[in-house]
Every structure is written in structure tokens, then in C-alpha cells.
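The primary structure of each chain is shown beneath.
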Amino acid sequence: MANSCGIDLGTTNSCIVIVAEGEPKVVRDKYKRATVPSVIFQSGGGDVVVGHAAKSRLGQMPPPVITVKRKMGTDEQVQLGGKLHSAVEVSAMILRHLKRMGEEEAQTTLENLVVTVPAYFNFKQKQDTETAARQAGFEEVVVLQEPVAAALAYCVNAGDEPMTVLAYDLGGGTFDVTVLERTADNEINVLAFGGDPWLGGDDFDTQLAEYLRRRLKAKNYAVDWDLTKPEQYAKFQRLKEQAEDAKKKLSNVPEVSINFPQVFCDEEGVLIDLEEIITRELFYGLVEEKLNRSIELTQETLAKSGVSAQQLTKLIMVGGSSYIPMIQDRLRQALGVEPELVDPETIVAMGAAIKAAASFGRKVDGNGISVVLDYQSKSSRTKTSINGRLSQKVQGWTAMLVQGDYESTLPLNGDRFRFDGILLSEGKLNEFALTLEDGDGEERLFADVSITQDNDATMLRSPDALIAKPIAVRTVSGLEVVIDAGARLPTRVNRIFHTEDQSGEIVVPIYEGSVPIAEVKLTDVPKNLTTGSEVEVDLIFNKDYSVKARARVLSTGHEAHAQFEIPLITVLTADQVKTKLKAIEARREQLATLVDDPSFDSLRRMIWAELDEPEPKMAKVTEDINELESLLLPAEAKAAERQALRPSLSEVERRLDEADKNARQKAEKSTFDLDEFLPHTAKLRNKAQDCWERRDASGWREVLSILAGLESLAAPSRDINQMPESEARDMAMALVFFIESEVMSKPAARELLAGIDLDKLKFAAVIEPHKAVGTGIQLLRMLVTKGITEIPGAGKSQDTGISEETPGNMAMLKGLLRSGRG
Ligand code: ADP
Ligand code: MG
């Protein structure tokens, strides 16, 4: 619509496409250049300069600001005109510049924007982009994924057939690869996406510049620059400029010569003469590793999509770096599909504009009132409709739509109207005049409405918002993914968690990928809530990338709500990273074999390697180190489990006292042998103290198992037939296994029970557990009375308390079985 546009806010270059008469139109500068470098400069107190003029300041002091997109979502600030600015503020300045360019072309204010972001952008980065767009003065903002935009633009002109497209987008600073499908009913779906937000043409420039620096060094120039020093960094930038220039030329010719005489000095004040011949072979050798990575990631993403290379209808290449012939060759080789370069620099903004044309109404101002008109400016049908929404409610007004002889009038009460069944002449532009009159017959608003009828026009639908990285919650056993990458927004999850302690506080940390982004916190939970109580957590992810959460303790109804402000990532310095890395490495050593994730070492090596790069990307390193840390989480959880002995020693001692007390009462009423029983609890008491001191988790489990047995033994007698079926089944099974092990290990037992089919008894344990318990006890009684089997506290006589009425013994047997020996 007339006041809508699409912007590709690129790391290196940006582009704006306006919607004029329903058609997207690329805005070019007076040199017919469609892209604007995303570079910005301000001399102290002077005007802000954006684009080519700012880029020409590269290599001078103070330097212009470049690649600010890489700082989105972080707290990194940049120097501009002697002041510090956030990435959002600088992005807003670039957007404002583009907006002004677009408005000059459109001759109207641009209010609605579809702005694109890499598929990989996280929640915060998308929110930041939207904030920047609002700061730049846009009223309505939709954030769209770059590959979806590219696919929209491509598919609109690619006929009606369903198709599967792989979009390979290698720009200056980011690499995105996406597999999309266009369905039979004209919907664009993302099947898979991948890439590397830290890979792009800028890396190639750095590699080539570093090569040039090494050549200068070989010629004895003092060029051991410390790139953390602005003056020395500026000199390296100069080499990068030469490198980029050479790189671009190499896309057209097999070899270029760089001649860059005496423009700046080395560190000893000697003027540098830079003269080099760069061949394609040399250049490819320098960038091969990075380039291969993009091919690998492409294959990985294709595999993830479940589509084979043969099934691809189209392989489109987007982004300025796609011009490099070697990349086209590599892709062709790797996939066996012919790649197509489709306006690599403008296609993303074009798609954004197409989306804008479909997303926003068009706002028209009148006399004291305005209206937002919503209609399809291009239609394949011959009948259409126009919707209007007024800025305020009115009474007794009239809306009129006129085209030649055709006239339609609607009474207008309230703030909405709709003209239905408007006929369109086929294959041409249909122009209408819309007027609103108030109750006195006074014209209050006029708008011309143009609708093109075109039988081939396709309206493509596309997802607005997608989740780039899996959303996970942290539990005792590590990170648990609750929403997969690629899910559409809005979406919600609902999960049950269990309390881990009685601190009176429940905290559910939420992760995006490996980065903690928020915590849902319940603080006034009753302290007597049993550990393991159920907590229901609801997470709601909205279309505008905001997140809401609710946590509720199911048994008590305690609730907490949270609306997240996702924090900015604090980018670490190289020194901070090294310190943290060493600490993580030390921790990893301690955790030893508990860490079984092979990606830990490869990621660790990647971080060290990045720190050795000429220009380490600290935001990336910061993200990677967060991830490295989270890779230790499962091992940490296991270690914590080893550490934690539950229930506590005092609880175990209390239960032993209780068992002794029960045993005494039992001995008073029956022939229960207290003298034989008590030494066992005494022995277990010592064992418990010992295991507790040594934090021996497996010993502790054994203690608990024997404790359960002794408790059952001391418990008052119970009638088997009264016990629940599941308990009886457990007991019957335990009995059979115990008898089986006696038969296996003791020849006397084998002799005694020869002819008894234990498998049959096992079967009975499942089908008729109560009966099986009875049989099992009889067999056990035979073993005990013959002196083959000994049971503590049970003695050897026939009236030892082993009877159908004392199932507690069996629980004790289970304990014995599990621990091996009492
Ligand atoms: P972004 O999307 O990151 O803003 P673009 O898609 O505009 O970036 O691509 C910019 C990158 O493309 C830069 O690294 C630039 O050097 C590179 N590039 C532009 N033209 C060519 C070319 N002819 N050959 C090789 N690289 C090119
Ligand atoms: Mg781009």
C-alpha cells in the first residue's frame, strides 16, 4: 500500500523497496545504486552520514561504524560523534536514512514497515530490530525472516506450481541457508533452516587482508599491528578495503593486481608500498575453509529438511558473496543442482515489500478524520472488497465508491465500513474514488483506490514469526527442550515440573538455545511442601517475540506470573573469555567421565581458534562460551546427584529408631526375635554414618534398601489378602527371585525344591499375585525350617514370624536381594 515498504537491514548493505500502486519498487540513489552500505559516521557534533559517504571514511580516524547488526541483542556500544550508542540506536539511524530515501521516492510518509532479519536471530535480536524500526518512526512493524522474504519474492514470479526451494544466502556478515516449500494453496513454509551468523564475505576480506599484511611483513615493514588499538586497527581496515575490492573484481576476472602506494605508514613511520598480484587460486586457498563450511552447513540443512537434492525445484543464491564463482561451482558440485542468482542484493527487500503490500492497510488522512483502507491492490479474481477503519466513531455519515457510471453508497455509523462484490474489469487497472461525507453532506475524506486485475496474480501467504533456536527449561537433569526450532509463533507450552527442595522458592530457568534468557520465579511456596511436588509451568511466546509465563503449584494453587524482558548479552573481553574458558576447562577435568558430549571438545577448540583470529568476534565467542558451559549441565546434574544423599542422615536415624520401637512392640505380642533383629539396625546405623561422611551415593542407596527391609520386618503384621494387587505382585516377584537365587547357589535348596516349576510361579505372580505370595511363602518356609536359608530376626524355628500374615518379611527380602547381603 502507498505508505508501506520493505527493508533488508543487512550487516553490510541495506536496501529499501516501497510499495507503489500495489507494486514493489526498488529505491535507488542518483547513481542507480540499489544498496546502501550499513555504515554510519558522525564527526563530533556534525550531521549523521549513512551509506556510501560513511563507508568512504573507512580506514580514517575516527572510524565510521560498521557491522552494527552483529551487535544487536548485546550490550556492546559503539562510538559515534564522540558519544556511545547502542546497536538499536545506530540501526534506527540507518533505518531513518532509508525511510527518508523511500519517502522521497514515494512522495508520501512511510508508516508501515516489514523489516527482515536472519533466520538465526534470537528473540532479543528480533525485539531489538523492531525497537529500532519504531525509533526510526515507523508505526506498524513486522519482522520477517530474510530467507522467507527471498522465497516470497522468488515464488511470486515462478508460476503456480508447488515447489521446493533452497535459498543459500551468503552476505557480508551472515550465512543463512533455508529450505522452503510453496504449497499448492500458495503458502510458503519453512522446512528447515541453518547457517552461521558469523560467516560472510567480511571473513574473506579479513583473510585476504591478513595475507597482504604477512606479505608486507615479509618485505620488512613493521606491521605487527595490535588490532585492539584503534590507530593500528584503522591501518588493517585499509588493507581490508583493498582486499574487498580485489575480491569483488576476482568474481569477474581470474587475476587482479593491487597497487596501493604510499598511503599510510608502518609502525616505524616508513611509507608502505603495497603491490600484489592476487589470483583466484590464491584467494580461494585463503578462504577455502570458511567456504567449505557454508557448503557443509547447506548439506546439513538439506538433510534436516528431509528433502533430497534431486527433489529441489530450485536452488537460489542470495547475498553479495554469491557472486563468487567458486561458491557457485562448489554448490553445483555438492548438490548436483544448477544454482540461480536472482538479484542477490535486492531480493530480500523485494520480498519484504511484497509482504508489506499484503500486511498493512493504507492510511488516508481527511478533514479531522483518517481511515485505514484494507484491500488487495492486485487480484486474480473479478470481484473484490474494500474495508475501511476510521480513526473515530461517527453517526449518520455516508461512504461512497465511484468508478465511471458505477456508484455504491453505504450508510456509515460507527468506525467500520465494507464495500463488497466490487466488480473488476479483467486484465487492467481499475480505479475508484472513495469519499466520506458527514451528516451535513460535507466531504470529509477523499481517497483514490487502484486495483489491478490480473488472472495470474498470486497472493502468497507466509509465516510471520518463527522460533530460531530451541527453547528449553533447566531441570535437575539438564536442559529439556520444550519448543523446537522452527516452530511458528504464537505458541505455548505447558509442562509439569517437580520441586527439588523445600527452600520455599521455585525457579524455572528458561533457555534459548544454550543461553539463559529468563527465569520464572515462585517465591511464597509453603516450606512444608513435599519435595517432588508438581509445578505446572505455562510459557506463551507471542508473535511480537515477547514471552509470558505462569507457574502454579498444583497441590496448593500458588501462582506466579512473569512477562520477560529478555536481557542483552554482555559481551566479554578476550581476557574475560580466557579466564572463564580456563575455569570451564578445569571444571570439565573434575567432572571427568561424567562429560560424554563429544561436541564439548570441538566447541572448546573453536573458541580458542576464534581468539587467535586477527579480529576475534567477541559476541560470537561470548555466545559459544555460554554454550560450552551449558554442555556441562548434564554432567553437573549427575555430579550433584552423586553429592546429594537423600533423605538425610538424621531422617535415616529417626527411621531406624522407629523400626527398633516397632520391633520391641512386636516382640511383646508375638514370638518375634528381638535379639536377632536389633544388631541389624545397629549395624545399619554405623554403615549409614560411614556412607554419609564419605558422600557415598551407591552405599547410601544400599542403606535405604536395607532400611526398607528392616522397617517392614518390624512393622505390625498385615494380612496379605488386604494388600493392593500391585504390592502383592512386587512381593511375589521378589519372593520368586529370592527362591530362585537360593536354588541356583545352594545345592541343598535345589534338592529340596526339585520338581517345583519356578517359571510357573513367576507367571502366577503376574496373574494371581496374592495366591503366588502364599505359595512363595510356603516354599520359603521350607527353606528356612530346613536351615538352608537364614533370615535375620526370623530365627530357624517354624514359628519365626514367617507367615502369610507377615508380608513385611518379604519387603525385607527385597532389600536383601537388592543389596546382596544384609
Ligand atoms: P549483508 O546481507 O550481509 O548486508 P550483502 O548481501 O549485501 O550483505 O553482501 C555483502 C557482501 O557481498 C560483502 O562482503 C561484499 O564484499 C560481497 N560482495 C558484493 N559483491 C561481490 C562480488 N561481485 N564478488 C564477491 N563478493 C561480493
Ligand atoms: Mg543480506
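Quick caveat: nothing in here was measured; it's all calculated off a predicted structure. (Residues numbered from 1 in each chain as written. Chains lettered and ligands numbered in written order. Predicted model: local features only at pLDDT ≥ 70, side-chain atom pairs only at ≥ 80, totals over all residues. Heavy atoms only, no water.)

Glancing now at helix α13 (residues 633-643). Along α13, the residues that are buried comprise Leu633, Ala635, Ala637 and Ala639. Here the buried face of α13 lies against β25 (471-475), β26 (478-483), β28 (506-512), α10 (574-591) and α12 (618-631). (Buried < 20%, exposed > 50% of the residue type's maximum accessible area, 1.4 Å probe, protein only. Helix = DSSP H or I, 4+ residues; strand = E, 2+ residues; numbered from the N terminus. Contact = heavy atoms within 4.5 Å.)

Of all residues adjacent to ligand 1, which total 18 residues, the nearest are Thr12, Gly172, Glu244, Lys247 and Ser251. At 2.8 Å, a side-chain N or O of Asn13 approaches an oxygen atom of ligand 1. Taking 580 Å² as the accessible area of ligand 1 by itself, protein coverage stands at 91%. Elements represented by at least two residues in the shell around ligand 1 include exactly α5 (201-218) and α6 (230-250). Residue contributions to the shell around ligand 1 peak at three residues, all from α6. When grouped by side-chain class, the residues that make up the shell around ligand 1 number two nonpolar, twelve polar and four charged. (Near = heavy atom within 4 Å. Polar contact = N/O pair within 3.5 Å; in protein donor to acceptor, adjacent residues only side chain to side chain. Areas by Shrake-Rupley, 256 points an atom, 1.4 Å probe, with all protein chains shown as cover. Nonpolar A, V, L, I, M, F, W, Y, C, P; charged D, E, K, R; others polar.)

The next subject is the pairing of strand β11 (residues 163-170). For β11, a buried count of eight out of eight residues is recorded, marking the element as mostly surrounded by other parts of the structure. Neither face of β11 is left uncovered, since the one carrying Met163, Val165, Ala167 and Asp169 and the one carrying Thr164, Leu166, Tyr168 and Leu170 both have all their residues buried. Inspection of the sheet shows β11 paired to strand β12 (residues 175-182) by eight bridges, in the antiparallel sense. What sits directly across from Thr164, in β12, is Glu181. Turn length for the β11-β12 hairpin, with the two strands adjacent in sequence and antiparallel, is four residues. In this structure, β11 lies alongside strand β16 (residues 314-318), joined through five bridges in parallel fashion. When the bridges of β16 are listed, Asp169 appears paired with Val318. (Pairing = 2+ DSSP bridges.)

The sheet built from four strands is open, its strands ordered β27-β30-β31-β32 with antiparallel pairing. With one partner strand each, in any of the chains shown, β27 (491-498) and β32 (559-563) form the two edges of the open sheet. Across the sheet, the mean angle from the axis of one strand to that of its neighbour is 15 degrees, orientation sign disregarded. Pairing geometry for strand β31 (residues 547-553) and β32, over five bridges, is antiparallel. When the sheet's bridge partners are listed, Lys548 is paired in β32 with Gln563. (Axes fitted to C-alpha atoms, helices over the stretch in contact; angles between N-to-C directions.)

Ile278 and Phe283 are the most contacted members of the largest nonpolar core, which has 48 residues in total. Residue contributions to this core peak at eight residues, all from helix α7 (residues 280-305). Contacts of Ile278, omitting those with residues within four sequence positions, involve Leu208, Tyr211, Leu212, Leu250, Pro254, Glu255, Val256, Ile258 and Phe283. Core analysis: the next-biggest nonpolar cluster, separate from the first, contains 34 residues, Ile7, Leu9, Ala136 and Phe138 among them. (Core = buried A, V, L, I, M, F, W, Y, C linked by side-chain atoms within 4.5 Å.)

Relative to the assigned elements, Thr129 resides in helix α3 (residues 123-135). Ignoring anything within four residues of it in the chain, the contact list for Thr129 reads Leu9, Met72, Val115, Val117 and Phe121.

Take the side chain of Arg238 next. Along the chain, the position of Arg238 falls in helix α6. We note that Arg238 is buried and unpaired, the nearest opposite charge coming from Glu241 at a distance of 4.4 Å. (Lys, Arg positive; Asp, Glu negative; His and termini not counted. Salt bridge = Lys/Arg side-chain N within 4 Å of Asp/Glu carboxyl O.)

Another aspect to go through is the pairing of strand β13 (residues 188-196). Buried residues dominate β13, accounting for seven of its nine residues. When β12 meets β13, the two strands line up antiparallel, connected through eight bridges. Its bridge partner being in β13, Asp176 is matched across the sheet by Gly195.

Right, let's talk about the pattern of salt bridges for a bit. Scanning the entire structure with this criterion turns up 49 salt bridges. Where Lys69 meets Glu146, a salt bridge forms, and the shortest distance between an N and an O atom there is 2.8 Å. With Lys69 in the loop between α1 (52-55) and β7 (77-80) and Glu146 in helix α4 (residues 146-156), this pair connects stretches of sequence that are 77 residues apart. By the burial criterion, Lys69 is buried, and Glu146 matches it. Notably, a salt bridge pairs Glu480 with Arg495, separated by 2.4 Å at the nearest N-O pair. Taken together, the residues Glu480 in strand β26 and Arg495 in strand β27 connect sequence positions 15 residues apart. Here Arg495 falls in the partly exposed class, since its relative accessible area comes to 28%. Among the ionic contacts, a cluster of salt bridges with common partners joins Glu210, Arg213, Arg214, Lys217 and Asp224.

In this section: the packing of α5 against α6. Taken N-terminus to C-terminus, the directions of α5 and α6 make an angle of 115 degrees; their axes are 8 Å apart at the nearest point. Seen along the crossing, α5 lies across α6 with a hand that is right-handed. On α6, the residues that touch Gly201, Asp202, Phe204, Asp205, Thr206, Leu208, Ala209, Glu210, Leu212, Arg213 and Leu216 of α5 are Phe236, Leu239, Lys240, Ala243, Glu244, Ala246 and Lys247. Of the residues in the contact of α5 with α6, the class split is nine nonpolar, two polar and seven charged. (Left-handed = near helix turned anticlockwise from the far one by under 90°.)

On to a nonpolar patch on the surface. A cluster of nonpolar side chains, contributed by Phe763, Val766 and Ile767, occupies part of the molecular surface with about 310 Å² of accessible area. Its location among the elements puts Phe763 in helix α19 (residues 758-767). For Phe763, a relative accessible area of 58% corresponds to the exposed category. (Patch = residues over 30% accessible without salt bridge, like charges linked within 9 Å, V, L, I, M, F, W, Y side chains within 5 Å.)

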